[in-house]
Amino acid sequence: MNNNQLEQKVFDSIKGMIKQLETSWPGYKVRSGQQEMMFCVAKAMLDHYSPETRGAERTGKNIAVIDAPTGVGKTLGYLIPGIAVSSELDKPLVLSTGTVALQEQLVNRDIPMLEKALGLDLDYGLIKGRGRYMCLARAKRLLGDISQTSFLEDMDNNAAIKTEEIELVRDSLTLFTKGKWAGDEDSMTTKISPVVWRRMNADRNMCTGRTCKEFGKCAFYTARAEAKSCKIIVSNHDLILSTSENESNALPDLDNCLVVFDEGHHLPDRALNHGVKKSHVDALRADVPKLLGPYTSAMNLFGVMKELKQPIDGYTSQLGDELRTVYSILAKQRELNESERGLWRFQHGVVPAPLLDCIKKAKDITSDLLKALNTAIEGFNEVMESVTDQELAQTILMALGGHVDRLEQFEQLASIWTHESQIPNAKWVLKVTTKGQSGHVDFVLHGSPMTASSILNKLLWRKVGAGVVCSATITSCGSFDYFAKLSGLMRLPNVNFTSVQSPFDYPSQGTCTVPSKGFNPKEVSTHTAEVIEFCGKAIAQNQHGMLVLFASRKQMEAVYAGLPTKFRHQVLVQGCMPRHKILDAHRDSVKRGNASTLFGLQGFGEGLDLAGQDCEHVIIAKVPFDPPDSPIEEALSEWLQTQQRNPFMEITVPKAGIKLNQYAGRLIRTESDQGQISILDSRLVNSKYGAVLLNGLPNFTKNIA
């Protein structure tokens, strides 16, 4: 079958499924935008690369970036063509999401509904990151069911655990043993604290794999085995990035997969978070000599690798000396001692020579130490089965794995600090003080690329067989340029960027009002007073549901406090109760014929679905600009200025444009919705960038007041 015949067969399959949905999916109607998306997804997947072409030049023809506005039905827009192409090519379809909520929606609702409507037996499964699963061996050790040793106490920092939390862990283990809990954090019914969870979850470096006594019952390996054998695998952005970086086998090889990145606008931020490396100087210095305890115990228990004891002793001593010097240099820095944030960012990525020299030496020593430790651990694992006390052996190897993990973190951080390139990395130090009477000071070294471009190119675009990135808000100010730059896709000439048609008639369904006078957020107190007055009048006129979105909690609370008392009982403020309870209370109030207004921040500006009367008016207090105050954004702005470029127009405005579009997207959720948006920021009318931001909004009827 040639390429044209294959394409036609896939397209016919898609059309057949659409026709079937018209009769079997309640309320389904053919949408031109959804069909356009389906064929765009199919074409990118049919242009896939395969393992046989590994190393070949990538042009991006196998990647599609799709802006699918609210109402298009993007889930079916990628599921139907994904199923069709996956079946024809016999390749796994991987669905990656930005949130756990969407993962579970796909597995528990969307895919089962599609399976029923099409009469198919779809083979699908869910896999999350290793850290979201319990490690049975660590959990048992936490309860004292496995022998304790002093070096393991050091490894877990031996912080006391409350008796009631110990009982919660015990209850969770009981549920797991009885098959009533799958061992993942998200389905856990008991409320174990994050601190305790980190002491019982699965960890790559502390995992001994098949040699572990609990391997056959392992929650992570069980879930991975079940999902990995499926034709449709539901995963998340973080797991795919870490799997690619560590070259682990948690997922099938990416170059043999058809991958859909839903909520794709999150990808650059997730990748950048993935790229940030950090290490605590004094904590690492104190930790390094403690690895000698488990190493000596392992050497004696396993009876091998004694020849590495002397070099490991030497490396730990040398590394400790270098880290003491680093700490001493940082403790004397005026920039850290006088900074309100306790933060010292190195301008243009230039680290002072004395400090950089120490980091280079420490990095070289760490590399030698890691090489020796990994060689030793391999040697211990080779004779694992011959050891009588398996539980103690597992515990010792877990402890060594914990030390390896912290050393690898430092090595990665030091690599960023010592790497030289035309585009510098962001590098900074944060001064932290421990809680308690001692108030011990430590310094946390940080390093990161300035954008996600290089990370995504390395981990995704140069590896994935075929990739589809979709979102309702992936464009900014009406253009893909911002996402293309952040994601690195601008480097690939043949990527297909497509905006599909919305099913909504925005000019007739809604109006967007912007004041041309007053309402200047730079005049803070005056602007807040104007927002109070406007919201008071809007609440007085509101008969059903309304949403007011703020850029800061301070202004949100000030506006609420400034409202007439008679209106406050109609207002639900984000944070007054859990999110789902606020939304339930709001919907219930509207359903009973009462007026209700939600006050919220960014969390209510994205992903909130209030259709019909639940939201007939969206008020946006001001354009949600984020100040470039993170060390990474500061470094990027600084570098752009050295290139005679404008960071405000290249970063700040497009970023605000995405948020503003998300906020505006809360109004029209169905084809029958009607309403209005009020943006209380006259800069949209009176500044050069205002027209750019307005151009990125849905095509409501505009009203400049």
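Remember, it's a predicted structure, so these values are computed and weren't measured experimentally.

Caption draft 1: Fine view of the overall build of the protein. Secondary structure assignment for the protein yields 29 helices and 18 strands. Projected onto its principal axes, the C-alpha coordinates of the protein cover approximately 80 × 65 × 55 Å. Buried residues in the protein amount to 54% of all 705 residues. For the protein, long-range pairs separated by at least 24 residues make up 80% of all intrachain contacts whose partners lie at least 6 apart in sequence. Carbon together with sulfur atoms contributes 49% to the accessible area of the protein, which is approximately 31,500 Å² in total.

Caption draft 2: Highlighting the packing of aromatic side chains. In the structure shown here, the tally under the stated rule is 20 aromatic pairs. Relative to tyrosine 221, the ring of phenylalanine 220 lies with its centre 5.3 Å away and its plane at 65°, an arrangement referred to as edge-to-face. Here the two residues phenylalanine 220 and tyrosine 221 agree in accessibility, since each one is buried. Through successive ring pairs, a cluster of aromatic residues spans Tyr133, Phe215, Phe220 and Tyr221. The side chain of arginine 58 reaches across the aromatic face of tyrosine 49, ending 4.2 Å from its centre. A cation sits over an aromatic face here: lysine 61 above tyrosine 49, 5.9 Å from the ring centre.

Caption draft 3: Summary view of the environment of phenylalanine 410. Here phenylalanine 410 shows up in helix H17 (residues 390-418). Residues in contact with phenylalanine 410, not counting those within four places in the same chain, are Ser279, Leu284, Leu323, Ala362, Lys363, Thr366 and Leu445.

Caption draft 4: View of the nonpolar core. Ranked by internal contacts, the top residues of the largest apolar core, which has 72 residues, are Val65, Ile127, Met134, Met200, Leu460 and Trp461. Setting aside residues no more than four positions away along its own chain, isoleucine 127 makes contact with Gln103, Tyr133, Phe220, Ala223, Arg224, Ala227, Ile233, Val234, Ser235, Asn236, Leu239 and Leu251.

Caption draft 5: Seen up close, the environment of methionine 134. Turning to its location among the elements, methionine 134 is positioned in the loop between strand S3 (124-126) and helix H5 (136-142). Residue classification places methionine 134 among the buried positions, given a relative accessible area of 1%. Along the chain, methionine 134 and serine 172 lie 38 residues apart, while their C-alpha atoms are 9.8 Å from each other. If we skip the residues at most four places from it in the chain, methionine 134 touches Ala139, Leu173, Phe176, Trp181, Gly183, Trp197, Met200, Asn201, Ala202 and Ala219.

Caption draft 6: Region of interest: the pattern of salt bridges. Throughout the structure, instances matching the rule amount to 34 salt bridges. Across the pair aspartate 626 and lysine 655 runs a salt bridge, and its minimum N-O distance is 3.9 Å. With aspartate 626 in the loop between strand S16 (617-620) and helix H26 (631-642) and lysine 655 in helix H27 (residues 647-664), this pair connects stretches of sequence that are 29 residues apart. Given the relative accessible area of 28%, aspartate 626 is considered partly exposed. Among the charged side chains, a network of salt bridges with common partners joins Glu104, Lys128, Arg132, Asp184 and Asp186.

Caption draft 7: Quick look at the packing of helix H16 (residues 353-382) against H17. At a minimum axis separation of 9 Å, H16 and H17 run at an interaxial angle of 150°. Here the hand of the crossing between H16 and H17 comes out left-handed. A per-class count over the contact of H16 with H17 returns 16 nonpolar, 6 polar and 4 charged.

Caption draft 8: Representation of helix H4 (residues 100-118) in the model. Between its first and last C-alpha atoms H4 spans 26 Å; for 19 residues at 1.5 Å apiece the expected length is 27 Å, and the two agree. Leucine 106 marks where H4 bends most, by close to 45°. Within the sequence span of H4, burial applies to Leu102, Gln103, Leu106, Val107, Asp110, Ile111, Leu114, Glu115, Ala117 and Leu118. The secondary structure elements touched by the buried residues of H4 are helix H1 (3-24), helix H3 (74-89), strand S2 (93-97), S3 and strand S4 (232-236). Downstream of H4 by a residue or two, glycine 119 has a phi angle that is positive, lying close to 70°.

Caption draft 9: Highlighting the sheet that holds strand S17 (residues 675-679). With parallel pairing, the 7 strands of this open sheet are ordered in space as S14-S15-S13-S16-S17-S12-S18. Since the sheet does not close on itself, it has two edges, and those belong to strand S14 (571-573) and strand S18 (701-704), each with one partner. Along the sheet, successive strands turn relative to each other by an average axial angle of 15°, direction set aside. Two elements, strand S13 (residues 545-549) and strand S15 (residues 596-600), share 5 bridges in a ladder whose sense is parallel. Its bridge partner lying in S15, leucine 547 is registered against leucine 598.

Caption draft 10: Inspection of helix H22 (residues 553-562) at higher detail. Those residues of H22 that fall on the buried side of the exposure criterion are Gln555, Met556 and Val559. For H22, the angular spread of buried residues about the axis comes to 105°, placing them on one side.

Parameters at a glance
- Residue positions within a chain follow its written sequence, with the count starting from 1.
- Local features are withheld for residues below a pLDDT of 70 in this predicted model, meaning they are given only at 70 or higher, and side-chain atom pairs are given and counted only at 80 or more; totals for whole chains, interfaces and linings count all residues.
- Hydrogen atoms and water are omitted, and side-chain values are computed over all heavy atoms in the structure.
- For helices the rule is a DSSP run of H or I covering at least 4 residues; for strands it is a run of E covering at least 2, with both sets numbered from the N terminus onward.
- Between buried and exposed lies partly exposed: a residue is buried under 20% and exposed over 50% of the maximum accessible area for its type, with that area taken using a 1.4 Å probe on protein chains only.
- Between two residues, a contact is recorded if the distance between any of their heavy atoms is within 4.5 Å.
- Under the convention used here, a 1.4 Å probe and the Shrake-Rupley method define accessible areas, while residue burial counts only the protein chains that appear.
- Pairing of aromatic rings covers Phe, Tyr and Trp, the last through its six-membered ring, and needs centres within 6.5 Å; plane angles under 30 degrees mean stacked, over 60 mean edge-to-face, and all others mean tilted.
- Whether a charge sits over a ring comes down to the Lys NZ or Arg CZ being within 6 Å of the ring centre and within 35 degrees of the ring normal.
- Working definition of a nonpolar core: buried Ala, Val, Leu, Ile, Met, Phe, Trp, Tyr and Cys residues. They are joined through side-chain atoms within 4.5 Å.
- For this document, the term salt bridge refers to a Lys or Arg side-chain nitrogen within 4 Å of an Asp or Glu carboxyl oxygen.
- For helices, the axis comes from a line fit to the C-alpha atoms of the stretch in contact; other axes are also lines fit to C-alpha atoms, and the angle between any two N-to-C directions lies between 0 and 180 degrees.
- The handedness criterion is simple: a crossing whose near helix is rotated anticlockwise from the far helix by less than a right angle is left-handed, and one whose near helix is rotated clockwise is right-handed.
- Throughout this entry, Asp, Glu, Lys and Arg are counted as charged residues, while Ala, Val, Leu, Ile, Met, Phe, Trp, Tyr, Cys and Pro are counted as nonpolar. The remaining residues, Gly among them, count as polar.
- Take the number of residues in a helix, subtract one, and multiply by 1.5 Å to get its expected span.
- One axis fitted to the seven residues ending at a residue, another fitted to the seven starting there: the angle between these axes is the bend at that residue.
- Think of it this way: DSSP has to see at least two bridges between two strands before they count as a pair.
- Regarding the arc, it is the one traced by the directions from the helix axis to the C-beta atoms.

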